[in-house]
Structure formats: C-alpha cells, structure tokens
Amino acid sequence: MAILIGMAGGMSFNLAIDFFSLKTRQPQETVAISNMAQAIGYFFAAAGPLTFGFLHAHLHSWTVVIGLVIILAAGLLVAGWLVDTKGYLVAD
C-alpha cells in the first residue's frame with residue numbers, strides 16, 4: 001500500500017508540474033501559475049504529516065487517516081481531470 005501511495009504521489013507531482021507549461025501560452029503565465037500552485041501545494045505538503053499524525057494520535061487508528069488519503073486522492077483525480085478538459089488556464 002505504501003509503495004502505491006508513494007508512486008501515485010510522485011506521478012501526480014510530475015503531472016502537476018507538466019500542467020504548468022502545457023496549459024499556458026506565455027512564460028509569464030507559466031511562472032504565475034507555478035508560483036501560486038507551488039505555494040499552496042507546499043503548504044498542504046507541510047501540513048499533511050502534522051495533520052495525519054494528530055489524527056492518528058487522537059483516534060488511535062489509521063483507518064480515518066487512510067480514508068482521508070483516499071478522499072484527497074479522489075479530489076486530486078477530479079482536479080486533474082478538470083484541468084485537462086479545459087483549454088488554457090489563462091484567458092486571452
């Protein structure tokens with residue numbers, strides 16, 4: 001299970017980085033989207049282990065934590081699909 005989660009995390013990160021350049025027309029747009037997305041992404045990446053550790057310490061179970069990871073992965077799937085179906089992220 002841990003191997004699959006690790007592989008999915010690595011692949012989703014690479015896909016997100018690819019979307020920065022595939023969904024913009026100008027380098028300035030790519031920089032703006034990348035800055036915004038990475039700032040938010042790194043905040044959640046830093047908060048994730050603390051949140052999951054807090055939940056595990058208070059609930060004494062990994063079930064809720066794993067369920068939350070599955071829900072967040074489903075959200076990531078939907079977000080990636082929505083970004084992929086839309087044309088460019090920045091309007092003309």
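Keep in mind that what you see is a predicted model, and the values were worked out from it rather than measured. (Residues numbered from 1 in each chain as written. Predicted model: local features only at pLDDT ≥ 70, side-chain atom pairs only at ≥ 80, totals over all residues. Heavy atoms only, no water.)

Colleague: Just give me the short version of the packing of helix α1 (residues 2-22) against helix α3 (residues 63-85), but keep the residues and values in it.
Modeller: Relative to each other, α1 and α3 sit at 25°, their axes nearing to 12 Å. When the interaxial angle is binned, α1 and α3 end up roughly parallel. With respect to the hand of their crossing, α1 and α3 are arranged in left-handed fashion. Residues I5, S12 and F19 of α1 form the contact with α3, whose participating residues are V69, L76, G80, V83 and D84. (Axes fitted to C-alpha atoms, helices over the stretch in contact; angles between N-to-C directions. Helix = DSSP H or I, 4+ residues; strand = E, 2+ residues; numbered from the N terminus. Parallel < 35°, antiparallel > 145°, perpendicular 65-115°, else oblique. Left-handed = near helix turned anticlockwise from the far one by under 90°. Contact = heavy atoms within 4.5 Å.)

Colleague: An account of unusual backbone geometry is requested, with residue identities and associated values reported.
Modeller: Of note in the backbone geometry, H60 takes a positive phi value of approximately 55° without being a glycine. As for its placement among the helices and strands, H60 is situated in the loop between α2 (27-59) and α3. Of the residues examined, H60 reaches a relative accessible area of 68% and is grouped as exposed. (Buried < 20%, exposed > 50% of the residue type's maximum accessible area, 1.4 Å probe, protein only.)

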